[in-house]
Amino acid sequence: MGTIRSIRGTGRVLRVGATPVPHAEILDHVRPALARAGIDLHVEVFDTFDEPNHQLVAGTIDANFFQYLPFLEEFNSSSAQHLVPVAPVHIEPFALYSESVATLGAVPHYAQVALPGDPANVGRAMRILHDLGLLTLRAGELSAPGVDAVIDNPKQLLFKEIASAHLADVLADFDLVFLFGNYAMDRQIDLRSALYCDHANRDYAEYLVARQDNHQSEPIRLLATALQSESVRSFIARSYGGLVVPAF
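Sequence positions are assigned chain by chain, starting from 1 and proceeding in written order. Restriction of local features to residues with pLDDT of at least 70 applies here, the model being predicted, together with a cutoff of 80 or more for giving and counting side-chain atom pairs; totals for whole chains, interfaces and linings are based on all residues. Note: side-chain values were computed over all heavy atoms of the structure, leaving out hydrogens and water.

Draft legend 1. The arrangement of the overall build of the chain in detail. Numbering of helices and strands runs from the N terminus; a helix is a DSSP stretch of H or I covering at least four residues, while a strand is a stretch of E covering at least two. Helix and strand content of the chain: 7 helices and 14 strands. Computation of the radius of gyration draws on C-alpha atoms alone. For the globule rule, the value is 2.2 Å times the number of residues to the power 0.38. In terms of C-alpha radius of gyration, the chain reaches 19 Å, essentially the compact-globule figure of 18 Å for 248 residues. When the backbone C-alpha atoms are referred to their principal axes, the chain occupies close to 60 × 40 × 30 Å. Per-residue burial for the chain yields a buried fraction of 52% across its 248 residues. What makes two residues a contact is simply this: any of their non-hydrogen atoms within 4.5 Å. Counting contacts in the chain only where the partners sit at least 6 residues apart, residues at least 24 apart contribute 74% of the total. Carbon and sulfur atoms provide 50% of the accessible area of the chain, an area that totals close to 11,000 Å². In this charge count, Lys and Arg are treated as positive and Asp and Glu as negative; neither His nor the chain ends contribute. Charge coordinates come from a single atom per side chain, which is NZ of Lys, CZ of Arg, CG of Asp or CD of Glu. Averaged over its 18 positive side-chain charges, the chain has a centre that lies 8 Å from the centre of its 29 negative ones. Relative accessible area decides the class of each residue, using a 1.4 Å probe on protein chains only: under 20% of the type maximum gives buried, over 50% gives exposed, and in between gives partly exposed. Where accessible areas are quoted, they stem from the Shrake-Rupley method and a 1.4 Å probe; at the residue level, only the protein chains shown are allowed to cover.

Structure follows, in structure tokens:
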């Protein structure tokens with residue numbers, strides 16, 4: 001389970017799971033607006049992507065805020081669940097980073113590449129490598145490719161899947177590492193120095209997500225409205241140096 005960040009109030013309790021940066025910070029920002037509407041927001045902070053959807057299904061939390069649609073769709077498909085995307089809030093960067101390689105043209109043969117350890121994000125990483133010309137993917141598998149979709153690998157890149165929360169821990173151990181914006185910002189890693197950064201890609205907007213039985217409830221609707229407010233737009237602009245952008 002994650003850690004609780006809340007200020008106890010007297011309103012209706014709304015429990016939301018989130019990863020720390022920027023999701024929990026954005027939720028903290030809207031807490032006063034929700035309190036004025038009679039909602040006591042409890043934010044449960046998770047350090048990994050593994051638990052928040054399972055906790056939402058179990059009813060331990062009422063909503064979560066950490067994921068984009070491809071990840072949610074993969075979860076729903078693989079677990080036969082029907083979690084509901086409620087509202088897009090922001091877009092984070094996703095970067096190909098290296099501590100040892102200066103440019104894409106300098107990627108060596110047999111470079112070791114650390115990939116995110118889940119199907120949706122492996123696919124995103126492999127498409128980026130394909131688009132950068134570092135490998136070729138089988139044409140019919142460009143939508144959700146895995147490592148086995150590689151048909152041409154001229155530099156003989158070597159791939160290893162790592163749990164997303166630990167990618168920043170292995171920067172010194174791999175030639176190329178894919179980094180999520182939230183984990184990079186949490187570690188103060190400057191993604192402006194990345195070899196490549198997928199920035200402001202609306203296909204990967206981060207959503208508030210709820211269940212079928214509560215996604216239209218008043219507390220969830222009030223939270224969605226607060227998350228898509230001009231106040232949040234301004235908070236994102238002044239807090240994240242342009243790396244995070246609004247998705248609304």
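Draft legend 2. Broad picture of unusual backbone geometry. For the peptide bond that leads from Val21 to Pro22, omega is -5°, which places it in the cis range. Residue position: Pro22 is located in helix α1 (residues 20-36). A positive phi is found at Gln156, a non-glycine position, where the angle reads about 55°. With respect to the helices, strands and loops of the structure, Gln156 is situated in the loop between β9 (150-152) and β10 (158-162).

Draft legend 3. Region of the structure containing the environment of Glu74. With respect to the helices and strands, Glu74 occurs in helix α3 (residues 69-79). Judged by its relative accessible area of 31%, Glu74 is partly exposed. C-alpha of Glu74 to C-alpha of Ala144: the two residues are 70 residues apart in sequence and 9.9 Å apart in space. If near-sequence neighbours (up to four positions away) are discounted, Glu74 is found in contact with Pro119 and Ala120.

Draft legend 4. Layout of the environment of Ala120. Note on placement: Ala120 falls in helix α4 (residues 119-131). Given a relative accessible area of 13%, Ala120 falls into the buried group. Residues Ala120 and Phe71, 49 residues apart in the sequence, show an inter-C-alpha distance of 5.4 Å. Setting aside residues no more than four positions away along its own chain, Ala120 makes contact with Pro70, Phe71 and Glu74.

Draft legend 5. Structural detail: helix α6 (residues 218-227). Those residues of α6 that sit buried are Pro219, Ile220, Leu223, Ala224, Ala226 and Leu227. For α6, the angular spread of buried residues about the axis comes to 160°, placing them on one side. The arc refers to the directions leading from the helix axis to the C-beta atoms.

In short, geometric facts, not functional conclusions.
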